[in-house]
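Each chain, written out:
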Amino acid sequence: MEAKQCKEVTEMVCLESDLQDGQMKEVLVDENKILLVRNNGEFTAVGGLCSHYGAPLIKGTLIGDRVRCPFHGACFNTKTGDIEEFPGLDCLPKFKVKVDGGKVYVTSDQKNLKKRVKKMSSRVPGVNHTVVLIGGGPASLQCAETLRQNDYDGRIVMVTKDEQLPLDKTKLSKAMNIEIEKVLLRQSDFLQQYGIEVWTKKEVKSVDTDAKTVTFQDGTLQNYDQLLISTGGRARPLECPGAELENVKLLQTYEDASEIHRISAGKKAVIVGTSFIGMEVAAYLSDKAASVTVIGTSKFPFQASLGSDIGKMTMQMLEEKNVKFYTSNGVAEIRGENGKVKEVVLKNGEVLPADIIIAGIGVIPNSDFLKETLVEIDSRKAVVVDKFMKTNIPDVFAAGDVVSFPLTLVGHKRVNIGHWQLAQAHGRIAGLSMLNRQVEINTVPYFWTMLLGKSIRYTGYGEGYTEIVFKGSTEERKFLAFYIKDEEVVAAASLNFDPAVARLAEMLLMGKRITKAQAQSDDLSWLQLP
């Protein structure tokens, strides 16, 4: 394909004295939003919008040569534009900078340049080495792209039981009627260009780690030289009489989301579960279903993960949209008529009318197909890996929601965390390990939830916290919450307090100790917020 000839545009964007070391500024050149950074007297310029979903990086946090997105936590090197922490797949474009006579000039050679694909190889004919990736999520895709970014020229086969190519499943509970093109992580021509085969509607039955083969439910067999297990988790089904009735739904696939959207319109929707999936689905359906009812076992939503105060606030947000809550409760029975859901019987005896029930009550790691192997599985069905994402079996790696991995933040204790960003981080490390590049997993968990247009961000690992210190308040719906354990901040959550969580994520990643006293102090200058 012939290279597109682009005209260079150079503009004076500021004076040299306008930026001090450690500062950044958003400038516009040739219709490009550009992030200009000064560090150690040197100016660099990269794309100003995060490659994940276009958040303005000027609102993020800058530490050294690295900027972290305020929305979802992706990190980019401000010298090269390369992505260093996820989510997102692409790097930022890089722009030429020149300082002359105390003035700073930036040159662009293309309009509307928002992202850059890292240089990747493809398959070389005749190279028979094969990597099989079981699972079609972010861990598999990131592993495949990492291999190609590091000159792997063998065969890559990604296998998924889903009907689609890898897609952004975090969107499915927030925008349930979204067009498939808007959630695909990569288009099919991209995958073909870089020699990444994707087999859809293909489910694994078993693995033989001695013979190095994968057997599928349709009876076919595939050999591998190296294997990645990144099968994620499946939604935990309801276990009560009537759970098998029509219109009792789980949200796992694109088809599930579309069907829930279609069936719920103008109907009575009952959601079981008050964690992230349940609450996001309730928020989404609040102006589409005739009524939305949420049933939860705890007193408030998110009680275990985010605490009662934030949980109470999210409950009030949804109640303002006429969502009704039955908390400290559960489902005893689902009753139907002609095979379809008609009503839900609660554990306290109350009966609620229902046309559709959506369960969001947790996930189970998809590891059952490994039961005939010697791959180590823990008591919660998660695949055990080391800091290089290796299992106990040679040439078998694992990544994403299916694994239990050592988290640096808690002294390398093994944890199972279902975050999108972590799955990508795992996939990258697994890909490097396959190439014998020994890079340890070292990442800080970062996730977000979106309810009625408001986004709560969270970073760290708060399990076992004993206290929460608030700045701002949940009543104002503007806060920063510090989760305290053993007199230290172990995690933080925020609403309308950017870029505090992004800043804390960087501090935790650098191993900085943040004390309870610092969190309690009225002086937050240590956070260096703008």
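Our structure's up above, just so we're on the same page.
Summary of the structure given here. In this text the structure is predicted, and so the values were computed from the model without any measurement. (Residues numbered from 1 in each chain as written. Predicted model: local features only at pLDDT ≥ 70, side-chain atom pairs only at ≥ 80, totals over all residues. Heavy atoms only, no water.)

1. Notes on helix α7 (residues 308-319)
Spanning twelve residues, α7 covers 16 Å between terminal C-alpha atoms, matching the ideal 16 Å at 1.5 Å per step. Of the positions making up α7, those classed as buried are Ile310, Gly311, Met313, Thr314, Met315, Met317 and Leu318. (Helix = DSSP H or I, 4+ residues; strand = E, 2+ residues; numbered from the N terminus. Expected span 1.5 Å × (residues − 1). Buried < 20%, exposed > 50% of the residue type's maximum accessible area, 1.4 Å probe, protein only.)

2. Topic: the packing of aromatic side chains
According to the stated counting rule, one finds nine aromatic pairs in the structure shown. With a centroid separation of 5.9 Å and an interplanar angle of 70 degrees, the aromatic rings of Phe470 and Phe479 are classed as edge-to-face. Its relative accessible area of 23% is what places Phe470 among the partly exposed residues. For Phe479, a relative accessible area of 0% corresponds to the buried category. Counting every residue linked through ring pairs, the aromatic cluster contains Phe276, Phe302, Phe447, Tyr458, Tyr465 and Tyr483. One Lys or Arg, Lys288, reaches over the ring of Tyr284 and ends 3.9 Å from the middle of that ring. (Phe/Tyr/Trp six-rings, centres within 6.5 Å; stacked < 30°, edge-to-face > 60°. Lys NZ or Arg CZ within 6 Å of the ring centre and 35° of its normal.)

3. Re the packing of helix α1 (residues 138-149) against helix α8 (residues 420-434)
Where α1 contacts α8, the two axes come as close as 7 Å, and the packing angle between them is 35 degrees. For the crossing formed where α1 meets α8, the hand is right-handed. Between α1, through Pro138, Ala139, Gln142, Cys143, Thr146 and Leu147, and α8, the contact on the second element is made entirely by Trp420, Ala423, Gln424, Gly427, Arg428, Ala430, Gly431, Leu432 and Met434. Residue composition of the contact of α1 with α8, grouped by class: nine nonpolar, five polar and one charged. (Axes fitted to C-alpha atoms, helices over the stretch in contact; angles between N-to-C directions. Left-handed = near helix turned anticlockwise from the far one by under 90°. Contact = heavy atoms within 4.5 Å. Nonpolar A, V, L, I, M, F, W, Y, C, P; charged D, E, K, R; others polar.)

4. Notes on the sheet that holds strand β14 (residues 204-208)
In space, the three strands of this open sheet follow the order β14-β15-β16, with antiparallel pairing throughout. Unpaired on one side and paired on the other, β14 and β16 (221-223) mark the two borders of the sheet. With strand direction ignored, the average angle separating the axes of adjacent strands in the sheet is 20 degrees. (Pairing = 2+ DSSP bridges.)

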